Amino acid sequence: MGLNDIKGRIAAAEKAAGRTPGAVTLIAVSKVQPPGRVESVLEAGQRIFGENYVQEAQGKWPDWRERFEGVSLHMIGPLQSNKAKLAVQLFDAIHSLDRMSLARKLAAQIAEQRRAPELFVQVNTGDEPQKAGVLADELPGFLASCRELGLSPGGLMCIPPESGDPVPHFRLLRQLAEDNGLPNLSMGMSADFEAAIAEGATHVRVGSAIFGARDYG
């Protein structure tokens, strides 16, 4: 596959869903990928990347940002509260705002650094006890508390359960976003991004389908 193939599939999915061309932002998920693979995707023109780990991103992206103009870095993995300072420094968007303790840390750092990453609230659409995220029925209250801190979340993010059909989860997230006046939906990964686009995704997070399988060895 690769970058051009994924871009073509996104464009086709936008057209099939009656979406405006270019309505969907591709986040190339570069976590644990060899530097050569990431550089080849940068050289091909991709500028929006997703990382799961603050320290990994800190170790590799400052250099690439100097070499490649216009890079936008998105934090898509779980964020520890004690990494909030670094996250605000490094990332242009944070997709995993999932609890009030983190919201308070981010609000303090955004005020101190005068730098405000775009924020997505992670929703646990499957009500999975082992998974992070705000429960659907708790979302309005969570958003209100975030706004009281001075935060302005612009969207929602979900990771559907690994087994089963992701579409009901995408539909739930879209409905929650509509109900709460949020324009952005971060949903859909390598295996299901076309279904997510059909359900209204504005941001899709694609890794292995662009870069190839990750080597965790």
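Refer to the structure above for everything that follows.
A brief look at the structure comes next. (Residues numbered from 1 in each chain as written. Predicted model: local features only at pLDDT ≥ 70, side-chain atom pairs only at ≥ 80, totals over all residues. Heavy atoms only, no water.)

## Structural notes on the overall build of the chain
Point 1. A count of helical and extended segments in the chain gives nine helices and eight strands.
Point 2. Against the compact-globule benchmark of 17 Å for 217 residues, the chain has a radius of gyration of 17 Å, which places it among compact chains.
Point 3. Counting only C-alpha atoms and orienting by the principal axes, one finds that the chain spans roughly 40 × 40 × 35 Å.
Point 4. Relative to its full complement of 217 residues, the chain shows a buried share of 50%.
Point 5. In the chain, 58% of the contacts between residues at least 6 apart in sequence involve partners at least 24 apart.
Point 6. For the chain, the computed accessible surface area is about 10100 Å², with 49% contributed by carbon and sulfur atoms.
Point 7. The distance from the centre of the 23 positive side-chain charges to the centre of the 26 negative ones in the chain is 3 Å. (Helix = DSSP H or I, 4+ residues; strand = E, 2+ residues; numbered from the N terminus. Rg over C-alpha atoms; globule rule 2.2 N^0.38 Å. Buried < 20%, exposed > 50% of the residue type's maximum accessible area, 1.4 Å probe, protein only. Contact = heavy atoms within 4.5 Å. Areas by Shrake-Rupley, 256 points an atom, 1.4 Å probe, with all protein chains shown as cover. Lys, Arg positive; Asp, Glu negative; His and termini not counted. Charge placed at Lys NZ, Arg CZ, Asp CG, Glu CD.)

## Considering the pairing of strand β1 (residues 25-29)
Remember that side chains alternate between the two faces of the sheet whenever the strand is regular.
Point 1. Within β1, four of the five residues are buried, leaving the element largely enclosed by the surrounding structure.
Point 2. Relative to strand β8 (residues 203-206), β1 runs parallel, the two sharing four bridges. Residue pairing in the sheet places leucine 26 in a bridge with valine 204 of β8.
Point 3. Relative to strand β2 (residues 48-51), β1 is paired through two bridges, and the arrangement is parallel. Bridging from a neighbouring strand, valine 29 pairs with glycine 50 of β2. (Pairing = 2+ DSSP bridges.)

## Some points on the packing of aromatic side chains
Point 1. Evaluation of the coordinates by the stated rule reveals two aromatic pairs.
Point 2. Between the aromatic rings of phenylalanine 49 and tryptophan 61, the centroid separation amounts to 4.8 Å while the plane-to-plane angle is 45°, which identifies the pairing as tilted. Residue phenylalanine 49 is located in strand β2, and its partner tryptophan 61 is located in helix α3 (residues 54-67); the two are separated by twelve residues in the primary sequence.
Point 3. Judged by relative accessible area, which is 0%, phenylalanine 49 ranks as buried.
Point 4. Judged by relative accessible area, which is 0%, tryptophan 61 ranks as buried.
Point 5. Each residue in the set Phe49, Trp61 and Trp64 is aromatic and connected to the rest through ring pairs, giving one cluster. (Phe/Tyr/Trp six-rings, centres within 6.5 Å; stacked < 30°, edge-to-face > 60°.)

## Points about the pairing of strand β4 (residues 93-97)
Point 1. Within β4, five of the five residues are buried, which leaves it mostly tucked inside the rest of the structure.
Point 2. Relative to strand β5 (residues 118-122), β4 runs parallel, the two being bridged by three bridges. Among the inter-strand pairings, isoleucine 94 is bridged to a residue of β5, identified as leucine 119.
Point 3. Remark: the β4/helix α5 (residues 100-113)/β5 crossover connection has right-handed handedness. (Right-handed = clockwise from strand over helix to strand, strands pointing away.)

## Considering helix α2 (residues 35-43)
Point 1. Every buried residue belonging to α2 is among Val38, Val41 and Leu42, and all of these are buried. Axial view of α2: buried residues confined to an arc of 105°, hence all on one face. Along α2, the residues that are exposed and aim more than 90 degrees away from the buried face are Gly36 and Glu43.
Point 2. Where α2 ends, the next residue or the one after it, glycine 45, has phi of about 110°, a positive value. (Arc of directions from axis to C-beta.)

The analysis is restricted to geometry; functional conclusions fall outside its scope.
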